[in-house]
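Tertiary structure, described
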Amino acid sequence: MSAAETATRLRLVDSLHLEAEPDGGAHVIDDRTFTAAHVNVSARILLEALREPRTHDDLHAILAEAADCPPSQTVHPVARLVEELTAYGWVEAV
């Protein structure tokens, strides 16, 4: 991933909604495409953070704090989630 990609600020698209689940995860629903998914706790934390524009570094710090681990251990999970969210059209660059 290039420096430009990690510096890009991302946020959730307006059509995306989260519904918290008792297990700590969430249902994600896109009103635009009628796509839905269930995400785990870590993904829910990051999706909630993406309600505001965030960089990859922001997301690493947020997940590291939630998981009580060094930010270096969050690089792969954050990159994978951002790839998936981008493929679904659920995040946009701002």
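The present account deals with the structure reproduced in this document. (Residues numbered from 1 in each chain as written. Predicted model: local features only at pLDDT ≥ 70, side-chain atom pairs only at ≥ 80, totals over all residues. Heavy atoms only, no water.)

**A word on helix α4 (residues 75-88)**
Convention followed: Labels follow the DSSP assignment, with helices taken as runs of H or I lasting at least four residues and strands as runs of E lasting at least two, numbered in each case from the N terminus. A helix is expected to span 1.5 Å for every residue after the first. Working definition: with a 1.4 Å probe on protein chains only, accessible area under 20% of the residue-type maximum means buried, over 50% means exposed, and in between means partly exposed. Summarising the geometry, the arc corresponds to the directions from the helix axis toward the C-beta atoms. When checking whether two residues touch, look at their non-hydrogen atoms; a contact exists if any pair is within 4.5 Å.
Over its 14 residues, α4 runs 20 Å from end to end, which matches the ideal 20 Å to within 8%, given 1.5 Å per residue. Taken together, the buried positions of α4 are Val78, Ala79, Leu81, Val82 and Leu85. The buried residues of α4 occupy an angular sector of 165° when projected down its axis, which confines them to one face. With respect to the buried face of α4, the exposed residues turned more than 90 degrees away are His76, Glu83 and Ala87. Close packing links the buried residues of α4 with β1 (10-12), α2 (41-49), α3 (56-67) and β5 (91-93). One or two residues past the end of α4 sits Gly89, with phi positive at roughly 80°.

**Side note on the pairing of strand β4 (residues 35-39)**
Applicable threshold: Two strands make a pair as long as DSSP finds a minimum of two bridges between them.
In this structure, strand β3 (residues 26-30) lies alongside β4, joined through five bridges in antiparallel fashion. Across the sheet, the residue bridging to Asp30 is Thr35, located in β4. The antiparallel hairpin formed by β3 and β4 contains four residues in its connecting segment, where Phe34 sits at a positive phi of about 60°.

**Some thoughts on the side chain of His60**
Here His60 shows up in helix α3. When its relative accessible area of 11% is taken as the criterion, His60 is described as buried. Beyond its immediate sequence surroundings of up to four residues, His60 is in contact with Pro71, Thr74, Val75 and Val78.

**Considerations on unusual backbone geometry**
Positive phi values are uncommon outside glycine, yet Phe34 reaches one of about 60°. As for its placement among the helices and strands, Phe34 is situated in the loop between β3 and β4. You can call Phe34 exposed: its relative accessible area is 72%. Phi is positive for Asp68, close to 55°, though the residue is something other than glycine. Its location among the elements puts Asp68 in the loop between α3 and α4. Residue Asp68 is classed as exposed on the basis of its relative accessible area, which comes to 73%.

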